[in-house]
Number of protein chains: 4
Amino acid sequence: MLRYWTAGESHGKGILALVDGFPAGVELNLEIINRELLRRQGGFGRGGRQRIEQDQAEILSGWWRGVTIGSPIAIWVANRDYKIEKMDDLTRPRPGHGDLAGAVKYFSSIRGILERASARETVGRVAAGALARQLLSACQIDLLGYVVEVGPIKFPAKEGHLDMLRQLRDSSELYTLHPEGEEEAKDYIRKCQKEGDTVGGVVEVRVENVPFGLGTHAQWDRKLDGRLAQAVMAIQAIKGVEIGLGFEAARRPGSQVHDPIHFDPSQVNSRTLGFVRATNHAGGLEAGMSNAQPIVLRAAMKPISTLARPLESVNLETKQPETAAYERSDVCAISAASVIVENVVAFEIAAALVDKFGGDHIEEIRQRIKLFEQMNRERLGL
Amino acid sequence: MLRYWTAGESHGKGILALVDGFPAGVELNLEIINRELLRRQGGFGRGGRQRIEQDQAEILSGWWRGVTIGSPIAIWVANRDYKIEKMDDLTRPRPGHGDLAGAVKYFSSIRGILERASARETVGRVAAGALARQLLSACQIDLLGYVVEVGPIKFPAKEGHLDMLRQLRDSSELYTLHPEGEEEAKDYIRKCQKEGDTVGGVVEVRVENVPFGLGTHAQWDRKLDGRLAQAVMAIQAIKGVEIGLGFEAARRPGSQVHDPIHFDPSQVNSRTLGFVRATNHAGGLEAGMSNAQPIVLRAAMKPISTLARPLESVNLETKQPETAAYERSDVCAISAASVIVENVVAFEIAAALVDKFGGDHIEEIRQRIKLFEQMNRERLGL
Amino acid sequence: MLRYWTAGESHGKGILALVDGFPAGVELNLEIINRELLRRQGGFGRGGRQRIEQDQAEILSGWWRGVTIGSPIAIWVANRDYKIEKMDDLTRPRPGHGDLAGAVKYFSSIRGILERASARETVGRVAAGALARQLLSACQIDLLGYVVEVGPIKFPAKEGHLDMLRQLRDSSELYTLHPEGEEEAKDYIRKCQKEGDTVGGVVEVRVENVPFGLGTHAQWDRKLDGRLAQAVMAIQAIKGVEIGLGFEAARRPGSQVHDPIHFDPSQVNSRTLGFVRATNHAGGLEAGMSNAQPIVLRAAMKPISTLARPLESVNLETKQPETAAYERSDVCAISAASVIVENVVAFEIAAALVDKFGGDHIEEIRQRIKLFEQMNRERLGL
Amino acid sequence: MLRYWTAGESHGKGILALVDGFPAGVELNLEIINRELLRRQGGFGRGGRQRIEQDQAEILSGWWRGVTIGSPIAIWVANRDYKIEKMDDLTRPRPGHGDLAGAVKYFSSIRGILERASARETVGRVAAGALARQLLSACQIDLLGYVVEVGPIKFPAKEGHLDMLRQLRDSSELYTLHPEGEEEAKDYIRKCQKEGDTVGGVVEVRVENVPFGLGTHAQWDRKLDGRLAQAVMAIQAIKGVEIGLGFEAARRPGSQVHDPIHFDPSQVNSRTLGFVRATNHAGGLEAGMSNAQPIVLRAAMKPISTLARPLESVNLETKQPETAAYERSDVCAISAASVIVENVVAFEIAAALVDKFGGDHIEEIRQRIKLFEQMNRERLGL
C-alpha cells in the first residue's frame, strides 16, 4: 500500500509530503523532484510570488546511502516567505476560495483557512508524485502532462513518442505541445490581466507502457478510474475530470467509442502481451482496470479565484457588501496545473502498481512484472 | 464513518450491499429502496433483462422494530435469473468491457470477470444510496438526478423546486426534465438500435439544502469534490465527472466563473446562515467543502459496450480475429445511469454529513446541526 | 488488500461476512467453513442455544464453477431462531455486556445493542477466517488453536507436528491438548454452573510455516503484531493478548528472552532460508514482522457475562437497583473462543500474506513466494 | 477522523509525526510535547544516547497565532547525532530485533532496517500523543502511565486522584508509583548491567473522566479495545496487552469479574450520568465501548534486545556463527515505555473522542459533549 498526505500552510514554515509504503532499492534523485517543483513555478501568466526563489526539496527520511529502504519518506520544501504569524486576518471571504465555507465549518478566521486551502499545498503533491515517478521509471512507465486548452483556445494533443512530445512541451511557454503557436493564447492572457481578470484551461496527462491489471473491477473503492478521479478532482481549482474520450464519448454512438481488440504476434511484450488497439477511446481503462493502452486523462481548471478587479463579497463583521480581499496572484496557472495533475497521476499509477505487484523492493517488483508476463504467456499460449 | 461495499455477480445468487456506520433511530423504508431499484430498471431503450421481474430488496440486518440500531445494514437483492454455474465461458473479450484486462490480471476466464464487472452490480450501489437518502431526508437534504444529454441531443437542466422537477422527471420516459420533448431522442435511440449500435449520455445530480462544511480543504483524501468524483467515476461506463460549470469553467474568464457572496438577513437559516449567491457556478463546492449552495454534478456515460453489431475482437484460444461475443443487452441505459449516479451521490453526501455531524443517532445529528447553526450565529452576530 | 466486515444480529435473520480482495483460483470448500462453525458451537460447558441446530454457511457471491474469481465473497449463516422483531426490550443492563454503554451512546434500547454485541457475531468472523485458511493452506501455512487455561486450571501447550496436536485437540472435550486430563476442569465448570457462576480461560494459536516478512517495521499501523492484537482484542470477551512469551518476557532477563539465530544449511527452504532458532520466545514476530518461526499468540477470555445468579444492576426506568436480566447462556465458552481466535488469526495472517505477496490469483501468490525465495537465495549466497 | 503516521530513522535527520484531522481552536503548548519527550529520555537504567541532548519538538505546520486551525500538524524532532550516511552496515543480525526479518523481506542491508525499527521512532509517537492530550485536557480527560513491574519486581498500582499519583510517579526514578521503594529494582537493574544483561517490565495506563460511548460494538475494526491493543502492541518491544483485569479475568469465576452497575443520583454528570461501579475489572471497556469508568490498560515490554554480552547470531556473509553486533544501549527502558504507552493511548482515546463527538473545533466538541449529556438526561429522566 503506497499512500501519502501533505501538511503545511501557504505562509507557514514550509510544505511537507509524507509518503508511506515506498519500496526499497530506488536510487533517490532529488533533481527530479526539484525539476518538477521548478516547472510548477513556471509558465506564462504567473504572478510575483513564483519569482521569489526556487522551491528546493529536502528529503528528511527514508534512505541510506542514497537509496530508499522501505521506510516512510518525508519531503520538506521550506517556504521562502514564512510570515504566517505576522499576517492579518481577512474580513471579506473571496468567492471561489474556501474562505467562507471553511470559516463557518471550523469556526475559524479566514486566514486559518486560506493558508491551507492555498494552491501552495500542491508543492507537497508534486513532490510526492515526483518521487513516485522514480518508481515508475524503474518499471519503464513514463508519463507526460501538457496544456490542451487555455481559456477558449485549444491546443490539440499530438501523437508521438513521449520524449518527442516532452521536448515540444518543454520548449513551450504555456506547457502546450504547440510551442510555435501560443501567441493568441498569450495575448488572451495579457488582455485578461489588463482587465483584472483571470484565465483557466484544460490539461491532459498521458501515461505510457502501463501493464495490464492496475486497479480492479471487483470493488468500487479500488477501481483505478475512481482513484484517479478522486486524486485529480481534489486538486485546487479542478472542476472536471475525464478519461479517454470523456464527455465526448457520451455524444457518439457506441460503434465509434469502443476500441476493437487485435492480436499482433510481433507485439507480445510485458505490457500488451500482443493485444493491441487501433484506437484508445477508453483512455487505457476498462472496468476500472488498465488495459495496457496508454492511460489518458484530462482535467478542467477554473480560472484563478483571486481577481485584481475583485468580486463582490460581504464584510463578515459589518455584514455589508464589500469587494473581496485581493492578494497579488497569478493571472493564469494552467501551466502549473499541468505539472500538478501530471505528478498527482504519477502517484496514483505508482500506488496501483504497488497494489498489483507488491512493494518491498524495486527489483522484486520488476521480477514480478516479468513473472506476470511469463505466466500469462504460458496460459494464453503466446 | 459511514462506508459501504458491495458483493455479487450478474448471474449469481444476488447482489449485496453492506453499509457500516449508519446511525440509529432511522425508520427504515424498504419502499424507497425498491422505488429506486425499479427506476434503475426503467427508462426508454432498455433491453430484455430489465423486464424479467422487478428487483426487490431485503434488509438482512441492522434494525429492531423497523428502526435502525447503529449496526451494519446488509441489503440483499436476489437475482431472478441465477444461473452462473450453468453459464459457459466466452472466448472473445468484448471491447469496452473489462473482459480482457480482467482475464489477464486475474488469470481468469472471461466469465469470471464479466459477471462482477457487469452493471448489475449497481443494484448494490443504488440500494446503499437509497438507504443513505433516508438519513439525508431526516436532515431535510434532498437530491434529484436526471438526464441532460442523450447521445448528441441536449435536455438542459431547469431551475425550480426539486419536487416540481421531480414530477417532470418522473413523467419522462428518458428521465429528463423535458417529458414533452423527447421524441427526437427516442427516434435517435430507435435508429441506433436498428443499426445494432448503442447510445450514451450525460446525467446531472442536484443536491439541495446542504449545510456548510461537508468535506474539508485540509487533506486531499478528505475533500468532498474528490470523494464525489471517485464514487461517480467508479460507476460502470462513466468516463467523465464535472462539478458546477465543470469543463465550461475552464473556458470562461474568472469574472464569469466565481460566485459573488451576498448577505441576506432574511435567509439566515440552518443552511445558508444568510450567505447567498446569485449564481452557483462552483456547484456548491469550494476548496473541497460544501458552501451551502446546491451541489451540482454531472457525469458522462459512454454508450453500452455490448453492440448487436459486434465489434472486432480476438479469439483468445486461436488468436484469430473474430467479432466480440454478444449477450442481449440495452441500447441506451442513460436513464438508469441517472438513478445510479443520484444514489451514489446520495451516499457520499450522507457519508460527509456523518463525518461532519457524527453518526450515532439521527436525532443527535439533527441537534448537532442546530448547535452548529447556533454557534455560528452567535459568533458571526447573525 | 484482503479485508472483511460482518453484519447481523443474534436473533436477526442471520450473520453475514463480506470478504473483499480474496484471490482468484482458490477452490472453495464449504465443508471447511461448516466444520469451523460446528467446532464453534461445541465444547464442554455450552448452553442450550448451541444445540438448536448446526450453523450452515452459504456462499452468496464470488465464485464460478466452485472456484473463486477475485470478486468479493459474501458468506451467509442463517439464524435458526430468527425472532428479533418479537423480542422485548430489557430494562436492566447486564454488567460485562455493552448494554449500558451502547444504550447511552446510541440513545438506544438495550435490545438494539445486545443483539449486535452478542458473541453470535463471531459466526461471521469464523466464517471469514475459515475462508482465509483455504488461501493459507494453498500456501502450506497451517495453524491450530487450543485451550491452555480453563479458569484456574492450566493445560500447557505441547511441541509436535500440528497434525498430531490437532488430533489431540479434536479428541478433547474442552479443545485442549490434554484430552485425557480434563476431569478437573470439567468438575470446576460443573461446580460453577451449580453456583450460577461462569468460567473463562486462555487460548493459544500457533501458525506454522510462515514465510519471512509478513507485516513490516516501517509504520505503526502496518505492523503485524499490532494487527493481530487488534483483531483478537476486538473479539467478544477477550481482555488480553500476548505474543510469544508475552507478559512472561517482561519478567525475565534479556538473555533468557531473545532467540539466538543459527544457520542450518540443511534447512534452506522457502520459509526459513536456513535461519533457524532453538527457541521461539518472540512468538515468530520481531519488529512487527514474521521471522519464519511459528507465530504464537495467546488470548485471555473473561468468564461469560451472563450469570444464572445474576449480578446487581439498575432498572433504567425506575433507577432502582435490580438484578440483571438473564437469558439462558453458556457457563464456559473457552472452547468456542479457541475456534474464534484461531480463525481470526487465520484471516490476519492471510491478509498479511496478500500484502506481501499480492492477491490476484493463488498461483501467482505461490510463484511469488518461490521468486522471493530464489531472489533471497541468490542475494545471500544460499 | 484523527490519524497519524511517523517518519524518520534513528540516525537520520530526525523524527517526524504527521497528525491529520486535529480540531481547530486548541492552543498549542510546545512545552507539553517537550515535557513528554524529556520524560521519554529519562528513567533509571538508560544508556548513553539519552544523555546526548534533550529532544526538542518543532511544529512545522497547522497553526496560526498559536492556535490550531484544523490543518495537518507536522511535528519535527531533529536528531542530535545525525550520521546515517556515514554509518556502516552490520553483518550479523541481532536476535530480538527486526534485523533478519527485515533484511530478508526488503532485500536490504541490516542498517536499512534497524534505523527505522529502532525505538527512536517512538519519539514521533510520543509527540503525536502529547499533542492529542491537549485535546483531551480541553475535554477534562486526563491520563497517567506508570511502571508496575520491573523485571520480576512488582510495583502495584494505587488508587487516588491522578494528580496525586502523578506526583508520586514524577518523583520516582523508575516512573513507578512507589518512589520510596525502588532500591531492590535498581539493584536488580545494576546486577543485570554488570552481567551484560537487560531488563523489561510492565506498564499501566489509566485514563480518567472518559465519557460513555467511545468506540463501538458494531464492527470489529472500530472497537476501542481492538484499536488500543493495536496501537500499544505496535510499540517496539511490547509483547502483551491487557485491559482491566486482563489475563487475571480468565482465571476468576464470572461473579468476581463483572462490575455491578449502580445508580447514584449525586453523580449525575457529563461522564457517568450517575451510573457508577464499585469495581472496574472491565478496565472501562465493555463490548468495545467506553463505559464511563476509567480505562485501564497494561502492556508488557520485553527486555532490551541489544545485550552487552551479545547473543549468538550468524554472519550473513560467511554463514558462520558469530555473536550479534553490539551498539551501546540501555539496560532497562521500562520507564520510557511507560511514557510511550501513555502517549500512544492518549492518541487513541483522542481519536475515539473525535469519532464520537466530531472534530472541527474544540469548542464544538465540548458543546457536543454537553448536548450528549442533556439528551441522555432527558431520555433517561435523570
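Per chain, residues are indexed from 1 in the order of the written sequence. By the order in which they are written, chains take letters starting at A while ligands take numbers starting at 1. At least 70 in pLDDT is required for a residue's local features to be given in this predicted model, at least 80 for side-chain atom pairs to be given and counted, and no such filter applies to totals for whole chains, interfaces and linings, which use all residues. Where side-chain values are given, they derive from all heavy atoms of the structure, hydrogens and water being excluded.

**Digging into the relation of the copies chain B and chain C**
In plain terms, the rule: The copies were overlaid with a least-squares fit restricted to C-alpha atoms from residues scoring a pLDDT of at least 70 in each copy. The contact rule is simple, with two residues in contact once any of their heavy atoms fall within 4.5 Å.
The transform that puts chain B on chain C rotates by 180° and translates by 0.0 Å along the axis, for an RMSD of 0.0 Å. On the angle and the small slide along the axis, the relation comes out as a two-fold axis. Measuring from the rotation axis to each C-alpha of chain B, the shortest distance belongs to Leu-18 of chain B, at 3.9 Å. Here 100% of the contact residues of chain B are again contact residues in chain C; the copies associate through an equivalent surface.

**A few points about the relation of the copies chain A and chain B**
Mapping chain A onto chain B calls for a rotation angle of 180° and an axial translation of 0.0 Å; the resulting RMSD is 0.0 Å. Looking at chain A, 100% of its interface residues are interface residues in chain B too, so the copies touch through the same face.

**Here's the deal with the interface of chain A and chain B**
Which entries qualify depends on this criterion: Here the buried area means the combined drop in accessible surface, using a 1.4 Å probe, for two parts upon being joined, counting both sides. When a carboxyl oxygen of Asp or Glu lies within 4 Å of a side-chain nitrogen of Lys or Arg, that pair is called a salt bridge. Here a polar contact means two N or O atoms within 3.5 Å. Within protein one must be a hydrogen donor candidate and the other an acceptor candidate, and residues neighboring in sequence count only if both atoms are side-chain atoms. For helices the rule is a DSSP run of H or I covering at least 4 residues; for strands it is a run of E covering at least 2, with both sets numbered from the N terminus onward.
With 108 residues of chain A in contact, the opposing surface of chain B contributes 108 residues. Looking only at chain A, the three residues that lose the most surface to chain B are Trp-220, Lys-239 and His-258 of chain A, adding up to 10% of its buried area. Counting across the interface, chain A meets chain B through 2 salt bridges. Of the charged contacts, one joins Arg-251 of chain A and Glu-149 of chain B as a salt bridge, the two residues approaching to 2.7 Å between their closest N and O atoms. Linking chain A with chain B are 55 residue pairs in polar contact (both at pLDDT 80 or more), by the criterion used here. For the side of chain A that touches chain B, the leading source of residues is helix α7 (residues 224-233) of chain A, giving 7 residues.

**As for the state of the cysteines**
The criterion, for reference: Only a pair of cysteine sulfur atoms within 2.5 Å qualifies as a disulfide here.
With the rule as written, the count across this model stands at 0 disulfides over all chains. Looking at Cys-332 of chain B, it has no disulfide partner, and the nearest cysteine sulfur is the one in Cys-192 of chain B, 8.7 Å off.

**Some words on the confidence of the model for chain A**
As a reminder of what qualifies: Looking at any residue, its pLDDT shows the predictor's confidence there, from 0 to 100.
Averaged over every residue, the pLDDT of chain A is 96; the share at 70 or more is 99%. Taken together, the chains of this predicted complex give a pTM of 0.98 and an interface ipTM of 0.98.

**Comments concerning the pairing of strand β9 (residues 201-208) of chain D**
All names here are of chain D. Threshold: Working definition: with a 1.4 Å probe on protein chains only, accessible area under 20% of the residue-type maximum means buried, over 50% means exposed, and in between means partly exposed. If DSSP finds at least two bridges between two strands, the strands pair.
Judged by how many residues are buried, β9 sits mostly within the fold: 8 of 8 residues are covered. The two faces of β9 match: Gly-201, Val-203, Val-205 and Val-207 on one face and Val-202, Glu-204, Arg-206 and Glu-208 on the other face are all buried. Of the strand pairs in this sheet, strand β7 (residues 142-150) and β9 are connected by 8 bridges, and their pairing is antiparallel. From the neighbouring strand, Asp-142 faces β9, where its bridge partner is Glu-208. One ladder, built from 7 bridges, connects β9 with strand β16 (residues 295-301); its direction is antiparallel. Each bridged residue has a counterpart across the sheet, and for Val-205 the counterpart in β16 is Leu-297.

**Section: the pattern of salt bridges**
Here the structure, examined in full by the defined rule, presents 155 salt bridges over all chains. The partner of Arg-40 of chain B in a salt bridge is Asp-55 of chain B, with the nearest N and O atoms 4.0 Å apart. Placement of the pair is Arg-40 of chain B in helix α1 (residues 30-41) and Asp-55 of chain B in the loop between α1 and β3 (57-59), with a sequence separation of 15 residues. In this structure, Arg-40 of chain B and Asp-55 of chain B share a single accessibility class: buried. Between Arg-206 of chain D and Glu-208 of chain D there is a salt bridge whose closest N-O contact spans 2.8 Å. Grouping residues by exposure puts Arg-206 of chain D and Glu-208 of chain D together as buried.

**Examining the side chain of Asp-225 of chain A**
Let me state the cut-off plainly: Positive charges are assigned to Lys and Arg, negative charges to Asp and Glu, while His and the chain termini are left out of the count.
As for its position among the elements, Asp-225 of chain A is in helix α7. It turns out Asp-225 of chain A is buried and unbridged, and the closest side chain with the opposite charge, Lys-239 of chain B, is 5.8 Å from it.

**Here's the deal with the sheet that holds strand β9 (residues 201-208) of chain B**
Under the convention used in this document: Here an angle of 0 to 180 degrees is reported between the N-to-C directions of two axes, which are lines fitted to C-alpha atoms, with helices fitted over the stretch in contact.
Strand order in the open sheet formed by 10 strands is β8(A)-β7(A)-β9(A)-β16(A)-β11(A)-β11(B)-β16(B)-β9(B)-β7(B)-β8(B), with antiparallel pairing between adjacent strands. Taken across any chain shown, the strands that pair with only one partner, and hence form the sheet edges, are β8 (153-154) of chain A together with β8 (153-154) of chain B. Contacts from helix α7 (residues 224-233) of chain B reach β11 (238-243) of chain A together with β11 (238-243) and β16 (295-301) of chain B, with the element oriented near 155° to β11 of chain B.

**Focus: the packing of aromatic side chains**
Describing an aromatic ring pair means giving the distance of the ring centres and the angle of the ring planes. This is how it is decided: Each Phe, Tyr or Trp ring (for Trp, its six-membered ring) is paired with any other whose centre lies within 6.5 Å, and the angle between the two planes then decides the class: stacked below 30 degrees, edge-to-face above 60, tilted in between.
Inspection of every chain in the model, using the stated rule, returns 24 aromatic pairs over all chains. An angle of 65° between the planes, with centres 5.9 Å apart, marks the rings of Phe-247 of chain A and Phe-247 of chain B as edge-to-face. Pair noted here: Phe-247 of chain A is in helix α8 (residues 247-251) and Phe-247 of chain B is in helix α8 (residues 247-251), and the two residues belong to different chains. Across this residue pair, the class does not change: Phe-247 of chain A and Phe-247 of chain B are buried. Ring centres 3.4 Å apart and planes at 10° place the aromatic pair Trp-5 of chain B and Trp-5 of chain C in the stacked group.

**A few points about the sheet that holds β7 of chain D**
Taken together, the 10 strands give an open sheet; going across it, the order is β8(C)-β7(C)-β9(C)-β16(C)-β11(C)-β11(D)-β16(D)-β9(D)-β7(D)-β8(D), and neighbouring strands pair in antiparallel fashion. Because the sheet does not close on itself, it has two edges, and the strands there are β8 (153-154) of chain C together with β8 (153-154) of chain D. Along the sheet face, helix α5 (residues 162-170) of chain C touches β7 (142-150) and β9 (201-208) of chain C and points at about 45° away from the line of β7 of chain C. Its contacts with the sheet put helix α5 (residues 162-170) of chain D on β7 and β9 of chain D, and the angle it makes with β7 of chain D is roughly 45°.

**A closer look at the environment of Arg-166 of chain A**
Residues and elements named next belong to chain A. Relative to the elements of secondary structure, Arg-166 occurs in helix α5 (residues 162-170). Taking the C-alpha atoms as reference points, Arg-166 and Phe-155, separated by 11 residues in sequence, lie 15 Å from one another. For Arg-166, the side chain forms a polar contact with the side chain of Asp-142, separated by 2.8 Å. Of note is the side chain of Arg-166, whose polar atom sits 3.0 Å from the side chain of Asp-163.

**Some points on the pairing of β11 of chain B**
Judged by how many residues are buried, β11 of chain B sits mostly within the fold: 6 of 6 residues are covered. Examined bridge by bridge, β11 of chain A and β11 of chain B share 3 bridges and lie antiparallel to one another. The partner of Gly-240 of chain A across the bridge, within β11 of chain B, is Glu-242 of chain B. Two elements, β11 of chain B and β16 of chain B, share 5 bridges in a ladder whose sense is antiparallel. Along β16 of chain B, the bridge assignment pairs Gly-240 of chain B with Ala-300 of chain B.

**With respect to the packing of helix α9 (residues 334-357) of chain D against helix α10 (residues 362-380) of chain D**
Residue and element names in this part refer to chain D. What counts, and what does not: What sets the label is the angle itself: under 35 degrees gives roughly parallel, over 145 gives roughly antiparallel, 65 to 115 gives roughly perpendicular, and the rest give oblique. Left-handed describes a crossing in which the near helix is turned anticlockwise from the far one by less than a right angle; the clockwise case is right-handed. The residue classification treats Ala, Val, Leu, Ile, Met, Phe, Trp, Tyr, Cys and Pro as nonpolar and Asp, Glu, Lys and Arg as charged. All others, Gly included, are polar.
Packing of α9 against α10 leaves a shortest axis separation of 10 Å and a crossing angle of 65°. Considering the angle they form, α9 stands roughly perpendicular to α10. Viewed along their axes, α9 and α10 form a crossing whose handedness is left-handed. Here Leu-353, Lys-356 and Phe-357 of α9 come into contact with α10, specifically with Ile-365, Arg-368, Ile-369 and Phe-372. Class assignment for the residues of the contact of α9 with α10 results in 5 nonpolar, no polar and 2 charged.

**Quick notes on the interface of chain B and chain C**
The partner chain C presents 41 residues to the 41 residues of chain B that form the contact. Taken together, the two surfaces of chain B and chain C that pack against each other cover about 3,600 Å², and 59% of this comes from carbon and sulfur. Considering only the side of chain B, the residues that lose the most area to chain C are Trp-5, Trp-64 and Tyr-106 of chain B, jointly responsible for 18% of the buried surface there. Inspection of the region where chain B meets chain C yields 6 salt bridges. A salt bridge links Glu-58 of chain C to Lys-13 of chain B, with the shortest nitrogen-to-oxygen separation between them at 2.8 Å. Applying the counting rule to chain B against chain C returns 18 residue pairs in polar contact (both at pLDDT 80 or more). Where the side of chain B that touches chain C is concerned, the elements lending two or more residues are β1 (3-7), β2 (14-20), β3, β4 (63-64), β6 (73-78) and α3 (110-117) of chain B.

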